[in-house]
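Observations on the model geometry
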Amino acid sequence: MDIIRFKLSGIRFRILIITISTVFCISIAILFVSYQTVSQNLLNNMIQSSETKVSFLCNSINSNINNVKNFISTCRANRKIMSFAMENLTHSSKVKREAHDFIFENYRANKGIAQNLVRVVVIGNERDDIIQIVEATNSSTFVSAESVTSLPYFSKLTDNNESVGILSDPFFTTKKVSMIPMADPIYHPFEDKIIGYVFTELSTTTITDPIIENIPEGSTDLYFRIDNHLYKYSNNALEPCRDSFTLIDDMGQYALNDKTKITRMYNNETSEIVFLISRPLEIDGWYITECVSTDVYSKTMQKSFKNTFIMILLAALFITVVLYLFLYHTVSVPVSKLQKRIKKIEKGDFSRDPSTEWNHELGDIGRTINNLSETVQTMVEQKVEDEKKKNEYEYKMLQSQINPHFLYNTLNSIKWMATIQNAPGIAEMTTALSRLMKSVSKGTKSTISIKRELELVKDYFTIQKYRYGGIITLEIENDDPELLSCEILKFSLQPIVENAIFHGIEPKGTAGKITIHIYSDEVNDVHIDVTDDGIGMDEETMIKVLNEPSETAVFFKEIGINNVNKRIQYNYGEKYGLFIKSEVGEYTTVTVLLPNKKCEDEL
């Protein structure tokens, strides 16, 4: 039943939900990060594997191409070939025979040449006949210099050095042979001019044989590019490619070699995204490209993470069940007992229940509840006792309010007696003290106007003036009468004047003067400078006065300069307070900085 009563809105359910959500989120985050990491690694490995494959093919094809290029270079540089090309006699059999024998010997000496070349033709600009090497198995028509030079693409090969792609041999009569025509000039040995050409027909087997030998048929899509001509490898042959691609982005960062170009393209024919890994061959403008479909990549990724996702879901479900059982035994049961215990206390049962004091945090709560129940009665009794003491304190406060009134009434009587007996000094001191005592006991407001504060300072100074035999004087300067209505904390100036008398003028041993100057600054704050011409103070003493409580205050034991400074800052902010400027043996000025705020009593 307790399990059924598990509240969906309870803290246990919230803990369960939060924990499971956290586990699930962490699992998803780990899965996502893993997916990204594995995806990057898989993509990187797939592209690098393809790059390695293409690089290997390029090396094999380049080997065939270099073999042919070396053969052609040897022919072009040979003196016998040059002599044949320069000979202007059409029927010079010796020169022609020597040139033919040289080409034939080199042709037969290298087996790769026969496999990679369909036809070799040497043409001289000054003669009509040619030297031709062609496999006997290939039947062809009569070939002459004119039939070669009149080919529609011959001028492109010689004048513009432009590739024309893969074509059918125009001289074969019995079968169709695919070849790549090339024409390389033969230069005069002593002059910078062309005396003839070596016309060759490169067999497409130069490209296809390495593919057949190393790549299983149908395992991948390979393309061969000659300048602007694109061919696709299919059925062990190169066929014109009808596929067109649109560039998505360059993926050169995956390349192992600077020569390899990797791009992600959109195949307009198949409507899929593919990776093209291209690598140049030895001949400029010739490339081998492998096309890798992203479908293979996507299927591999889905297969890799499908089982992982299922395992995460099963793990989350398992954690949910285990956590639920754990919370039930460690939270639900103890909380239920604590609730029953609290209900007993509500009914007045304050007895201790040891069964709620487990050795964990909830047990600490149980012990606290037991301790609380045992002390409830004591707290009630203590409250009654506190009420009695409170009444006593209120009575004493009434007494403290009566005593100051009695004191300044008595002082008024003394004043009148002193006046009758013609003792004006005693009357003036008594009047000043009476007003001071009345101000102390009157009202609860902590702020008064500057005008009233100055009146209190004058009363205090009157008493001190008679005490010191009239050797101290007080002068008040006010730049603006409106400032007298501004607010100041009650008894802010009296401790400053007291400090000026006892610590500035009295140690000097001669007459002294205290000046109070009231003015405002450019931001309209109120300044009250209290300056004495006493002994002054050094930097250390100024810091001590502002930061340490006064131990020698006479009129108010607890109100010194330090106290005044803190009261002002507490009420108006850190910007305001007291500031001291002094020179030893010359003077001391204590500046009270206040906001320009009108006192409510003066409004």
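Residues numbered from 1 in each chain as written. Predicted model: local features only at pLDDT ≥ 70, side-chain atom pairs only at ≥ 80, totals over all residues. Heavy atoms only, no water.

**Description of the overall build of the chain**
The condition that has to hold: Put simply, DSSP H or I for four residues or longer makes a helix, DSSP E for two residues or longer makes a strand, and each gets a number counted from the N terminus. Summary of the burial criterion: residues with accessible area below 20% of their type's maximum are buried, those above 50% are exposed, and those between are partly exposed, where the area comes from a 1.4 Å probe applied to protein chains only. The contact rule is simple, with two residues in contact once any of their heavy atoms fall within 4.5 Å. Accessible surface area values rest on a Shrake-Rupley calculation with a 1.4 Å probe, where residue burial reflects the displayed protein chains alone.
The helix and strand tally for the chain stands at 14 helices and 19 strands. Buried residues in the chain amount to 41% of all 603 residues. Residue pairs at least 24 apart in sequence account for 63% of intrachain contacts in the chain once pairs closer than 6 positions are excluded. When the accessible area of the chain is evaluated, it comes to approximately 34700 Å², of which 54% is carbon and sulfur surface.

**Things to note about unusual backbone geometry**
When glycine is set aside, most residues are seen to have a negative phi, and most peptide bonds are trans. One non-glycine residue, Asp 227, lies in positive phi territory at about 50°. Tracing the backbone shows Asp 227 in the loop between strand S6 (221-226) and strand S7 (229-234). Backbone geometry at Asn 524 places phi at a positive 75°, although glycine is not the residue there. Within the element layout of this structure, Asn 524 appears in the loop between strand S16 (512-520) and strand S17 (526-532). Accessibility expressed as a relative area gives 43% for Asn 524, which makes it partly exposed.

**Description of the packing of helix H2 (residues 79-86) against helix H3 (residues 93-109)**
Which entries qualify depends on this criterion: In this analysis an axis means a line fitted to C-alpha atoms, helices contributing only their contacting stretch, and an angle means the value between N-to-C directions, from 0 to 180 degrees. Each angle is binned into one of four classes, with values under 35 degrees roughly parallel, values over 145 roughly antiparallel, values of 65 to 115 roughly perpendicular, and all other values oblique. Handedness of a crossing is defined here by the sense of rotation of the near helix relative to the far one, left-handed for an anticlockwise turn of less than a right angle and right-handed for a clockwise turn. When residues are grouped by polarity, Ala, Val, Leu, Ile, Met, Phe, Trp, Tyr, Cys and Pro land in nonpolar, Asp, Glu, Lys and Arg in charged, and all others, Gly among them, in polar.
Their axes nearest at 8 Å, the elements H2 and H3 cross at an angle of 140°. Regarding the angle of H2 to H3, the classification is oblique. The handedness of the crossing between H2 and H3 comes out as left-handed. Across the interface between the two elements, Lys 80, Ile 81, Ser 83 and Phe 84 from H2 touch Val 95, Lys 96, Glu 98, Ala 99, Phe 102 and Ile 103 from H3. Looking at the contact of H2 with H3 residue by residue, the class counts come to six nonpolar, one polar and three charged.

**Some remarks on the packing of aromatic side chains**
Our working rule: Ring pairs are drawn from Phe, Tyr and Trp, using the six-membered ring of Trp, whenever the two centres fall within 6.5 Å, and their geometry is named by plane angle: stacked under 30 degrees, edge-to-face over 60, tilted for the rest. In this analysis the charged atom, NZ for Lys or CZ for Arg, is taken to sit over a ring once it is within 6 Å of the ring centre and within 35 degrees of the ring normal.
Here the structure, examined in full by the defined rule, presents five aromatic pairs. Arranged with centres 6.2 Å apart and planes meeting at 50°, the rings of Phe 154 and Phe 199 form a pair that is tilted. Remark: Phe 199 occurs in strand S5 (residues 194-203) and Phe 154 occurs in helix H6 (residues 154-158); sequence separation between them is 45 residues. The class of Phe 199 is buried, set by a relative accessible area of 0%. Put simply, the rings of Phe 154, Tyr 197 and Phe 199 pair up and form one aromatic cluster. For the cation-ring pair, Arg 119 lies above Phe 172, with the distance from its terminal atom to the ring centre recorded as 5.0 Å.

**Here's the deal with empty space enclosed by the protein**
Short version of the rule: The method works on a 1 Å grid over the protein atoms by themselves. A cavity is a set of points holding a 1.4 Å probe that cannot get out, a pocket is an open set with protein on both sides within 12 Å along at least five of seven lines, and residues with an atom within 4 Å of a point line them. Grid points are joined across faces, edges and corners, and a volume is the space filled by probe spheres set on the points.
Using the criterion set out here, one finds one cavity of 30 Å³ or more in the structure. Considering only enclosed or pocket space, the largest cavity measures out at about 70 Å³ in volume. The wall of the largest cavity is formed by Ile 496, Asn 499, Ala 500, His 503, Gly 504, Val 530, Asp 532, Met 537, Ile 561, Thr 588 and Val 590. Looking at the lining of the largest cavity, the elements that each hand over two or more residues are helix H12 (493-505), S17 and strand S19 (587-594). With five residues, the single largest contributor to the lining of the largest cavity is H12. Taken together, the residues of the lining of the largest cavity break down into six nonpolar, four polar and one charged.

**So, the packing of helix H13 (residues 539-547) against helix H14 (residues 561-572)**
Following both chains from N to C, one finds H13 and H14 inclined at 60°, their axes separated by 6 Å at the closest point. Between H13 and H14, the angle falls in the class oblique. Here Val 545, Leu 546 and Asn 547 of H13 come into contact with H14, specifically with Ile 561, Asn 562 and Asn 565.

**Regarding the sheet that holds strand S2 (residues 130-134)**
Heads up, the rule is: Any two strands are treated as partners once DSSP identifies two or more bridges connecting them.
Within the open sheet, the five strands sit side by side as S2-S1-S5-S4-S3. Their pairing is antiparallel. Unpaired on one side and paired on the other, S2 and strand S3 (167-168) mark the two borders of the sheet. Inspection of the sheet shows strand S4 (residues 178-187) paired to S5 by nine bridges, in the antiparallel sense. Bridge pairing links Met 182 to Thr 200 in S5.

**Regarding the sheet that holds strand S12 (residues 286-293)**
If you walk across this open sheet you meet the seven strands as S8-S7-S6-S12-S11-S10-S9, and the pairing is antiparallel. Both edges of this open sheet fall to strand S8 (237-240) and strand S9 (245-250), since each of them pairs with a single strand only. Each strand axis lies, on average, 35° off the axis of its neighbour in the sheet, ignoring direction. Bridging between strand S10 (residues 261-267) and strand S11 (residues 272-280) involves seven bridges; their strand directions are antiparallel. Within S11, the position partnered with Ile 262 by the bridge is Ile 277.

**Side note on the confidence of the model for the chain**
As a reminder of what qualifies: Values of pLDDT, ranging from 0 to 100, describe the predictor's confidence in every residue of the model.
When the pLDDT values of the chain are averaged, the result is 80; 82% of them are 70 or greater. Per-element mean pLDDT across the chain ranges from 61 in helix H9 (residues 361-420) up to 95 in S17. Counting contacts from residues 1-6, a segment whose pLDDT is below 50, to residues more than four positions away or on other chains yields seven contacts. Confidence drops under a pLDDT of 50 for residues 393-403, and excluding neighbours within four residues, the segment shows zero contacts in the predicted structure.

**A short note on the nonpolar core**
Selection criterion: We call a set of buried Ala, Val, Leu, Ile, Met, Phe, Trp, Tyr and Cys residues a nonpolar core when their side-chain atoms join them within 4.5 Å.
Judged by nonpolar contacts, the single largest core of 52 residues is most densely connected at Phe 71, Ile 103, Phe 224, Leu 281 and Trp 286. Of all the elements, helix H1 (residues 11-77) adds the most residues to this core, at 12 residues. Among residues more than four places away in sequence, those in contact with Leu 281 are Cys 58, Ile 61, Asn 62, Ile 65, Ile 207, Phe 224, Trp 286, Tyr 287 and Ile 288. Of all hydrophobic cores here, the second largest spans 42 residues; its members include Ile 514, Ile 528, Met 542 and Ile 568.

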